[in-house]
Amino acid sequence: LSGPGSGFSPVQMHRLQIGVRFRVGVPGILGGLHPRRREAALVWCQVGSAGIAEAVGMKVLHSPSGDFSPQDLSLKLCLIQSICMVCQAICNSAQSGDFTFSHKAELVSQMMDFIKAEPPDSLRTPIRQRAMATCVYLVFLEPSLSDAETAELLDTCLSGVLALPEAETPREKDGPVLRARQEETLWRDTLDALEGLLKGVLQRDLTPRGLQAMFEHLGPWIKSTKEHERERAVEVAAGVLEFYREKLNVSTVVPFYNLGLLVALFSPRCTDSLAVVRQHAVDCVYALLYIQLCYEGFARDHRDESVEKLKAMKPGLRDPDVNTLFQACCSIAKVIAKRLPPDQLLSLLLTMLEGLADPDRNCSRAATVMINSLLKERGAVLLEKVPEILAVVHAKLQEVDQEHVWKAAQQAVYILASQHRVVVVSSLLNSPLPLDSCTCALWRALAPDPTLASQVLELLLEKINRDVPYKENKSFLRGSTSERVATFLPLSATCALHELMSVPESGPAVVGLYAELFVTLLLRVSCTVGVQLPKGLLSKERKTLGRGQPPRTLDPCSSAVETLKAMLIQGGSGTVAKAVADAGGWELLRSMERHHEGVALLAGAMAKYAGPRLSPIVKSLAPMLNSIYDSQRVTTTAFFA
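Let us look at the overall build of the chain. If you tally the helices and strands in the chain, you get 31 helices and two strands. In the chain, which comprises 641 residues, the proportion classed as buried is 52%. Total accessible area on the chain stands at roughly 29,800 Å², and carbon and sulfur atoms take up 53% of it.

Written as structure tokens, this is what we have:
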């Protein structure tokens, strides 16, 4: 090789000789040199030679583990630095794209082992920082790491840095100020190295998919219950998103399909208990909205007036006052509502609903405020998505029992119903029977507003009156006899009426529809005496009951009787309900043999205690004397008598 025809210059030969010495053994060459000469050898490693890189990889992988035991800190740091310098030289080489490092995955694994071997409760050495810096260059080289290998690398580095305990404030007796500054510098360098690694991984897949994959690993740290973990994670996230924005080069308009998910991750943190987290969270939302503008075709230096308002809010987020944070949250929600594409609204809302149970009460309240603001601003476009939203709200209520979460969910359903009441009512009517506590809570959310409550009551009355109350099923085992089975929709509507009218605030709406409600429910009682539940409901095991709720029993007639009783109480006729109860009238109404006696008792109590209400009731009942249902004719006759 050193002959005249080899084509190698003396300098190139010297570098090749260093490569040979690496093959002899990395520990041998490093341990056998004077420190200064060893450093010189490491510098020479920047030749960019594929042979040296492979030699380093082979020797590290085949060296006995004892060569790199934890006590050999200097040797370990030299080894990591040598690998880093070789990989850096290759990355900076013009031929780096043609080089395939066959031992890349194994060396990445070795760097992870170094990180894992560090004590989890302290940061005393630069091992983590230098190992991550080395991984930045390793990630850049071919072949690419698999998804599983990348995930393991990210999880190892994130847990190795973000999970470290919060650093204690140095005291005078702990040592000189210089030492404290050195430790602070080490920590900053380590966090910067983590951010650099995340950026390096992201640059390999600078797409919405790559961004989503990154935050699947970073997201749990952003929502951590430990303040120092959240602070570090959100700071790193802000740097990563700004890097994505700066490097993004959109040649065609493409959808930023996961914008809603990512905005929902950061926006509640704008009211975090830590001021620094609040400010970094605003930076993250700011970057995400500008990334969306880039995907929409705007230039990278474009400035949007509404998005720029976010930056102006940052100074005010230092104030921990709840009212100040609430106002800021509303303002941020308005900016998001204005800039968010329609197809991203649903994913944002659904993810926000998950945030209702955030352990940080400030963030939980922020999620509530933002959900309500978004629904008010953009809820009109969600008509087709109402059933899906209600399903997620119901599922969330089943998972948690915090009172503030239930109130927030009810408020969201109320806002939806004020915009799409027909769809909300239809969706809730399709809920399984008997109603679980979560569905009951959603029905009750529609009662406090008199106008909405009246509209919902009218819809439910229409459902009861439009459908047949029961179906006749022939029983072959009993010859020619048949049994009456309740139909689902009127039964569900009756249960819904009971929940609505169990809320005291529903009183004005009930009074306004007094006659219609009384007549419909009285006739409903008459049509359900002796009526059976559908077999599907009889055999169905209710697995979605609210926490601590006993199994609910459901009887069509009893359900109608209880709803009629609730209607009288909320309609201002509590004395009527009490008089009927004292006379045993409610039990008689359920009896097939003595139903008419119960009706007579009810009519007498109405005449005595609610006389002014009878005129519209009689007018509505009169046509029922010719009803196709014999039970309704009997009930009407008994009431008039």
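Bringing the nonpolar core into the picture now. Grouped together as the largest cluster of nonpolar side chains are 194 residues, with contacts concentrated most on Phe215 and Trp443. Those residues within four positions of Trp443 in sequence are excluded, and the remaining contacts are Val425, Leu428, Leu429, Leu435, Val456, Leu460, Ala496, Glu499 and Leu500. Counting five residues, the second-largest nonpolar core is a separate cluster that includes Tyr470, Cys527, Val531 and Tyr629.

Okay, the packing of helix 27 (residues 574-582) against helix 29 (residues 595-609) next. Helix 29 packs onto helix 27 with a crossing angle of 140° between their chain directions and a minimal axis gap of 9 Å. When the axis of helix 27 is compared with that of helix 29, the two are oblique. Between helix 27 and helix 29 lies a crossing whose hand is right-handed. Between helix 27, through Thr575, Val576, Ala579 and Val580, and helix 29, the contact on the second element is made entirely by Leu601, Leu602, Ala605, Met606 and Tyr609. Of the residues that constitute the contact of helix 27 with helix 29, the class distribution is eight nonpolar, one polar and no charged.

Scanning all chains against the criterion turns up 30 salt bridges. One salt bridge in this structure joins Asp272 and Arg230, with 2.8 Å as the shortest N-O distance. A residue pair is termed long-range when its members are at least 10 positions apart, and Asp272 in the loop between helix 12 (259-266) and helix 13 (275-295) and Arg230 in helix 11 (residues 227-247) qualify at 42 residues. Of the two residues examined, Asp272 and Arg230, each falls in the buried class. Note that Lys407 is salt-bridged to Glu403, the shortest N-O span being 3.2 Å. With Lys407 and Glu403 both in helix 19 (residues 403-429) and four residues apart, this pair spans about one turn of that helix. This pair shows no difference in class: Lys407 is exposed, exactly as Glu403 is.

Our next topic: the state of the cysteines. What is meant by a disulfide is a covalent connection between two cysteines, made through their sulfur atoms. Applying the stated criterion across every chain, the model contains zero disulfides. Among the cysteines around Cys438, which has no disulfide bond, Cys440 carries the closest sulfur, lying 8.9 Å off.

On the secondary structure map, Ser454 appears in helix 21 (residues 450-466). Overall, Ser454 belongs to the partly exposed group, its relative accessible area being 22%. Along the sequence, Ser454 and Pro508 sit 54 residues apart, while their C-alpha atoms lie 8.5 Å from each other. Not counting residues up to four positions away in its chain, the partners in contact with Ser454 are Ala509 and Leu513.

There is a patch of nonpolar side chains on the surface, built from Val618, Leu625 and Phe640 and spanning about 220 Å² of accessible area. Relative to the helices and strands, Leu625 is located in the loop between helix 30 (614-621) and helix 31 (630-640).

We now examine the confidence of the model for the chain. Interpretation of the predicted coordinates at a detailed level should be avoided for regions scoring low in pLDDT. In this model, the chain carries a mean pLDDT of 84, and residues with pLDDT of at least 70 account for 83%. Averaged over each element, pLDDT in the chain is lowest for helix 2 (residues 26-31) (41) and highest for helix 24 (residues 514-528) (97). Contacts for the low-pLDDT stretch residues 60-70, under 50 throughout, to residues beyond four places or in other chains number 19 contacts. Overall, residues 541-551 carries pLDDT values under 50, and its contacts beyond four positions in sequence, including any with other chains, amount to 17 contacts.

So, about unusual backbone geometry. What is expected of a backbone is that most residues other than glycine have negative phi and most peptide bonds are trans. The linkage connecting Glu142 with the following residue, Pro143, adopts the cis geometry, with an omega of 0°. By the element assignment, Pro143 lies in the loop between helix 7 (127-140) and helix 8 (147-162). Note that the residue after Leu433, namely Pro434, is joined by a cis bond; omega there is -5°. Structurally, Pro434 can be placed in the loop between helix 19 and helix 20 (437-444).

As for its position among the elements, Gly379 is in the loop between helix 17 (361-378) and helix 18 (386-399). As for Gly379 and Ile415, which are separated by 36 residues in sequence, their C-alpha atoms are 8.2 Å apart. In this view, Gly379 contacts Leu374, Gln419 and His420; residues no more than four positions away in its chain are not counted.

The next thing to look at is helix 20. Taking burial as the measure, the eight residues of helix 20 include seven buried ones, the bulk of the element. Those residues of helix 20 not exposed but buried are Ser437, Cys438, Thr439, Cys440, Ala441, Leu442 and Trp443. Against the buried residues of helix 20 lie helix 18, helix 19, helix 21 and helix 22 (488-500). The N-cap residue of helix 20 is Asp436: its side-chain oxygen and the backbone nitrogen of Cys438 are 3.2 Å apart.

This brings us to the environment of Gly507. Within the element layout of this structure, Gly507 appears in helix 23 (residues 507-512). Note on Gly507: relative accessible area 9%, which makes it buried. For the pair Gly507 and Ala453, spaced 54 residues apart in sequence, the C-alpha to C-alpha distance is 9.5 Å.

Take the side chain of Thr636 next. On the secondary structure map, Thr636 appears in helix 31. For Thr636, the contacting residues outside a window of four places in its chain are Leu523, Leu621, Met624 and Leu625.

Take the packing of aromatic side chains next. Inspection of every chain in the model, using the stated rule, returns five aromatic pairs. Considering the side-chain rings of Phe215 and Phe266, the 5.6 Å spacing of their centres and the 90° angle between planes classify their relative orientation as edge-to-face. Note that Phe215 is positioned in helix 10 (residues 208-222) and Phe266 in helix 12, a separation of 51 residues in sequence. Classification of Phe215 as buried rests on a relative accessible area of 5%. According to the relative accessible area criterion, Phe266 is buried, its value standing at 0%.

Parameters and conventions
Residues numbered from 1 in each chain as written. Predicted model: local features only at pLDDT ≥ 70, side-chain atom pairs only at ≥ 80, totals over all residues. Heavy atoms only, no water. Helix = DSSP H or I, 4+ residues; strand = E, 2+ residues; numbered from the N terminus. Buried < 20%, exposed > 50% of the residue type's maximum accessible area, 1.4 Å probe, protein only. Areas by Shrake-Rupley, 256 points an atom, 1.4 Å probe, with all protein chains shown as cover. Core = buried A, V, L, I, M, F, W, Y, C linked by side-chain atoms within 4.5 Å. Contact = heavy atoms within 4.5 Å. Axes fitted to C-alpha atoms, helices over the stretch in contact; angles between N-to-C directions. Parallel < 35°, antiparallel > 145°, perpendicular 65-115°, else oblique. Left-handed = near helix turned anticlockwise from the far one by under 90°. Nonpolar A, V, L, I, M, F, W, Y, C, P; charged D, E, K, R; others polar. Salt bridge = Lys/Arg side-chain N within 4 Å of Asp/Glu carboxyl O. Disulfide = S-S within 2.5 Å. Patch = residues over 30% accessible without salt bridge, like charges linked within 9 Å, V, L, I, M, F, W, Y side chains within 5 Å. pLDDT = per-residue confidence, 0-100. Polar contact = N/O pair within 3.5 Å; in protein donor to acceptor, adjacent residues only side chain to side chain. Phe/Tyr/Trp six-rings, centres within 6.5 Å; stacked < 30°, edge-to-face > 60°.

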